[in-house]
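Structural features, examined
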Amino acid sequence: MTMVGLVGALTGLRNALRGTQLPLDLPLAKPATDTVHQLTKQLDDYVLPRLQAIEAPLLVVVGGSTGAGKSTLVNSLVSREVSAPGVIRPTTRSPVLVLNPADEPWFSSARVLPGLTRTFGPTATGSPNQLRLVTDPSLPPGLAILDAPDIDSIVEPNRVLASQLMDAGDLWLFVTSAARYGDAVPWRFLADAAARSAAVAIVLDRVPEAAQSVVPDDLRRLMTEGGLKESPLFVVPETKPGKDGLLPEAGIAPIRTWLGTLAASSASRRQVVLQTLDGAITALVGKASQVADAADEQVAAYHRLEADVIAAYREAERQVGAQASDGSLLRGEVLARWHEYVGTTAFFRVIDEKVSWLRDKITAVFRQHPDASGVKVAAEIGLQALIVEAAERAAERAEAAWQATAPGRALLATRPDLGRASTTFAGVADQSVAAWQADVFGLVSQEGAGRRQKARLAAAGVNGVGACLMLVIFASTGGLTGAEIGIAGGTTVVAQKLLESVFGDEAVRRLAATAKANLIARIDSLLAGERARYMVVLDGLGLAQEGGRPVDQAIDEVTTQRAGGYDIPPQEPEPPTPPVEKQVDDGGSMIYTHDYEIAGDPPMEETTDLMEEALQPTTALPISEAAALAATMFSASAVAPSLPLTPNIGAPTEPPPAWLPRSGDGGQ
Ligand SMILES: Nc1nc2c(ncn2[C@@H]2O[C@H](COP(=O)(O)OP(=O)(O)OP(=O)(O)O)[C@@H](O)[C@H]2O)c(=O)[nH]1
Ligand SMILES: [Mg+2]
């Protein structure tokens, strides 16, 4: 695997996530939409830029509850007010990034947190969309500290931005206080950090003397239970900030020392980066698969809605197709007009009894009644009514099925007309039936064009013969009751006999089959037009039928690319060494200066050796090994022996390392 391969795979995952459509109102849709937003932000804000610049300075995000003392801590770490603390909750609205001037190019561009506008200088407008950059040469290069808004105040933009910033950090410096370390909100954040193996250090602020023997132990217990056993814990005793608003040096020295040690070793920084980065990638792959599931849920629901509509209209096709040929139409008007046309029931009885004998007589009857338009009109009206009724019932059935589901209800809310047949449908159906009848007459004329049939057809009349053909198609005893059966049966016999007398048995069967197929095709097409109204609504969702497959494939690619570990590029040169500053004593306030001679004089030989062994420039470092190294590095004793592994209470027992000189007497 190469970094380039992993960047490509993650970019592919980002695109697949962005391309995921979740338009249907389903249980997984809302959380998945939020997840897509969060993951794309995390990829853009942190993961992708970080992967492409592993050597960029470590971003330490100072987070926690409002009033925990985050801004005060940041100010104290650089010994001047860079971020205004305050008594009004919440105080910090727009994040403040404190960094060494040499690191400014890394952060002034849109490389990380591209959504935040950079501002410089002391004035802050307090806009949550801004990132105020404050350079301070007292901060070592290679490590920038970000004072974030609170995670839990009632100001929602603060909370949203705080989450975004925490997601973008390489290391969380999580500030809580002795009074509030058990609050639920911070622990939700910490649990999230633990779940994705983010590098976390906790600062327990404002611990009164009486609580120092109890609270740190209790917090350590909570950290162990919460999966943060390896995280360093810094305990800052309760002291009143000085006139300058800064905390006494003794309380914060261990934190500064620890951070300074991290900053000094590019290998240590890289391990922190890799730990958090790999944890973030693991977590986002897990969350991405939830998005894939949500996309699959969408496609399944789409198919259910589609199937409901298809079933509703298929039932209509079946119903109207059956009714058009089961004798249902040989009632009422059609039957009456037929009687009008061919004569009395007495006539039918004669016909029934002496069919073979009366062929000529039948023809004579039709010749006497050349106008069959009454039958035609009645058939047209009856057929049209049948089709319209079927379309109405189908619309109702489809609507009821959609109403039974949340996504269906949401779609119907935008198209309340779908529960009825279209307003134009009756007219369209009428035209189609009329066109079918024209086809039937056309068929009859065509069949009667032969020399032998011509005279017979002329004798019976095209209209009369066409009407007979329609009746033969409509006829069946199924669906009729009582006396109607006999009447319709007789009716059909007359029509059938007339057709046979003109065309012959086989031709009649063929003509009837053709005309019926034509009718069924027209009915299907009419109902398909109605069904299409529902389909247009579904298609309008633009839902790709592949569901979560693109996300799943992208996840597989990320997993494959990650499997080989992180191929660490050749070690970048350390950031340019800033000029050594003179120690300044401003009369009590703490100002310290640097002498970054760390390259040849690492503060932690043991750790550095371990790192360098594992971080040979061209070596691919397996993730497990990277994680183990990071854990080793991250245990407080390995990084900064001056820090106790158990909670440190009060002043450090050892002075800051020589490479991190500071002025003043070390306290106030
Ligand atoms: N006594 C005492 N007061 C402190 C300490 N740390 C901070 N304060 C005070 O607590 C108040 C809040 O401190 P901030 O540093 O503004 O807190 P914050 O966490 O940045 O708060 P938000 O910006 O609202 O999230 C200020 O009045 C500080 O002076 C401390 O260790 N001891
Ligand atoms: Mg603040």
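The rules we used
Residues numbered from 1 in each chain as written. Chains lettered and ligands numbered in written order. Predicted model: local features only at pLDDT ≥ 70, side-chain atom pairs only at ≥ 80, totals over all residues. Helix = DSSP H or I, 4+ residues; strand = E, 2+ residues; numbered from the N terminus. Buried ≥ 20, exposed ≤ 12 C-beta atoms within 10 Å, placed from the backbone. Contact = placed C-beta atoms within 7 Å. Pairing = 2+ DSSP bridges. Axes fitted to C-alpha atoms, helices over the stretch in contact; angles between N-to-C directions. Arc of directions from axis to C-beta. Near = placed C-beta within 6 Å. Nonpolar A, V, L, I, M, F, W, Y, C, P; charged D, E, K, R; others polar. Parallel < 35°, antiparallel > 145°, perpendicular 65-115°, else oblique. Left-handed = near helix turned anticlockwise from the far one by under 90°. pLDDT = per-residue confidence, 0-100. Core = buried A, V, L, I, M, F, W, Y, C linked by C-beta atoms within 7 Å.

Broken down by element type, the protein carries 23 helices and ten strands. A total of 668 residues make up the protein; the buried ones form 44% of that total. The long-range fraction of contacts in the protein, counting pairs at least 24 apart against all pairs at least 6 apart in sequence, stands at 82%.

With mixed pairing, the eight strands of this open sheet are ordered in space as S3-S4-S2-S5-S1-S6-S7-S8. Edge strands, defined here as strands with exactly one partner in the open sheet, are strand S3 (117-120) and strand S8 (233-237). Averaged over all neighbouring strand pairs, the angle between strand axes comes to 25°, with direction disregarded. The pairing of strand S6 (residues 171-177) with strand S7 (residues 199-207) spans seven bridges and is classified as parallel. In the strand pairing of S7, Leu 173 is matched with Ala 201. Strands strand S1 (58-64), strand S5 (143-147), S7 and S8 of the sheet are contacted by helix H8 (residues 249-264), whose axis makes an angle of about 150° with S8.

Inspection of helix H14 (residues 406-414) places Pro 407, Gly 408 and Leu 411 among the buried residues, and these make up the whole buried set. The buried residues of H14 occupy one face: seen down the axis, they fall within an arc of 100°. Exposed and facing more than 90 degrees away from the buried side of H14 are Arg 409 and Ala 413.

In the region of ligand 1, 24 residues are neighbours, and Gly 69, Ser 71, Pro 85, Pro 90 and Thr 92 sit closest. Contributions of two or more residues to the shell around ligand 1 are made by helix H3 (70-78) and S7. At three residues, the largest contribution of residues to the shell around ligand 1 is made by H3. Partitioned by chemical class, the residues of the shell around ligand 1 number seven nonpolar, ten polar and seven charged.

The subject of this paragraph is the packing of H3 against H8. To characterise two packed helices, one gives the angle between the axes of the helices and the distance between these axes. In the contact formed by H3 and H8, the axes pass within 10 Å of each other and the chain directions differ by 75°. In terms of axis orientation, H3 runs roughly perpendicular to H8. In this structure, H3 uses Leu 73, Ser 76 and Leu 77 to contact H8, whose residues at the interface are Ile 252, Ile 255 and Arg 256. Counted by class, the contact of H3 with H8 contains four nonpolar, one polar and one charged residues.

This part takes up the packing of helix H9 (residues 266-323) against helix H19 (residues 505-539). Running from N to C, H9 and H19 cross one another at 160°; their axes reach a closest spacing of 10 Å. Relative to H19, H9 is oriented roughly antiparallel. The way H9 lies across H19 gives a crossing that is right-handed. When H9 is examined against H19, the residues Tyr 302, Leu 305, Glu 306, Val 309, Tyr 313, Ala 316, Glu 317, Val 320 and Gly 321 are found in contact with a partner set consisting of Ile 520, Ile 523, Asp 524, Leu 527, Glu 530, Arg 531, Tyr 534, Met 535 and Leu 538. Split into classes, the residues belonging to the contact of H9 with H19 amount to twelve nonpolar, one polar and five charged.

This part takes up unusual backbone geometry. Residues other than glycine seldom take positive phi values, yet Ser 79 does so here, at roughly 65°. In this structure, Ser 79 sits in the loop between H3 and strand S2 (96-99). Owing to 23 C-beta atoms within 10 Å, Ser 79 belongs among the buried residues under this scheme. The backbone of Leu 113 shows a phi angle near 45°, a positive value even though the residue is not glycine. Residue placement: Leu 113 occurs in the loop between helix H4 (104-108) and S3. The class of Leu 113 is buried, set by 24 C-beta atoms lying within 10 Å.

Now for the confidence of the model for the protein. When pLDDT is averaged across the protein, the result is 77; 72% of the residues are at 70 or more. Across the protein, the secondary-structure element scoring lowest on mean pLDDT is helix H23 (residues 636-639), at 31, and the one scoring highest is H14, at 95. Ignoring residues within four places in sequence, the model shows residues 477-482, a span with pLDDT below 50, making 13 contacts including any to other chains.

Note that soluble globular proteins tend to have their nonpolar side chains buried in a common cluster. In terms of nonpolar packing, the biggest core is built from 155 residues, with Val 60, Val 98, Leu 204 and Leu 469 touching the most fellow members. Sorting elements by how many residues they give to this core places H9 first, with 19 residues. Every residue in contact with Val 98, bar those within four places of it in the chain, is listed here: Val 74, Val 78, Val 82, Val 134, Asp 136, Leu 139, Ala 144 and Ile 145.

What follows is about the pairing of S5. Within S5, five of the five residues are buried, which leaves the element mostly enclosed by the surrounding structure. Side chains of S5 alternate between two faces, with Leu 143, Ile 145 and Asp 147 and Ala 144 and Leu 146 buried alike. Two elements, S1 and S5, share five bridges in a ladder whose sense is parallel. Looking at the pairing, Val 61 lines up with Leu 146 of S5. Of the strand pairs in this sheet, S2 and S5 are connected by three bridges, and their pairing is antiparallel. Paired with Leu 97 across the strands is Leu 146, a residue of S5.

The subject of this paragraph is the environment of Asp 34. Residue position: Asp 34 is located in helix H2 (residues 29-52). For Asp 34, a count of 12 C-beta atoms within 10 Å corresponds to the exposed category. Residues Asp 34 and Val 291, spaced 257 residues apart in sequence, show a C-alpha to C-alpha distance of 9.6 Å.

Turning our attention to the environment of Gly 542. Considering the arrangement of structural elements, one finds Gly 542 in the loop between H19 and helix H20 (549-563). Under the C-beta neighbour-count criterion, Gly 542 is labelled exposed, with 8 such atoms within 10 Å. Taking C-alpha positions, Gly 542 is 8.0 Å from Gln 21, a pair spaced 521 residues apart along the chain.

Looking now at the environment of Leu 133. With respect to the helices and strands, Leu 133 occurs in strand S4 (residues 130-135). Classification of Leu 133 by C-beta neighbours within 10 Å gives partly exposed; the count is 19. Remark: the alpha-carbon pair of Leu 133 and Ser 108, spanning 25 residues in sequence, is separated by 7.6 Å. Ignoring any residue separated from it by four or fewer positions in sequence, one finds Leu 133 in contact with Leu 97, Leu 99, Glu 104, Phe 107, Ser 108, Arg 118 and Phe 120.

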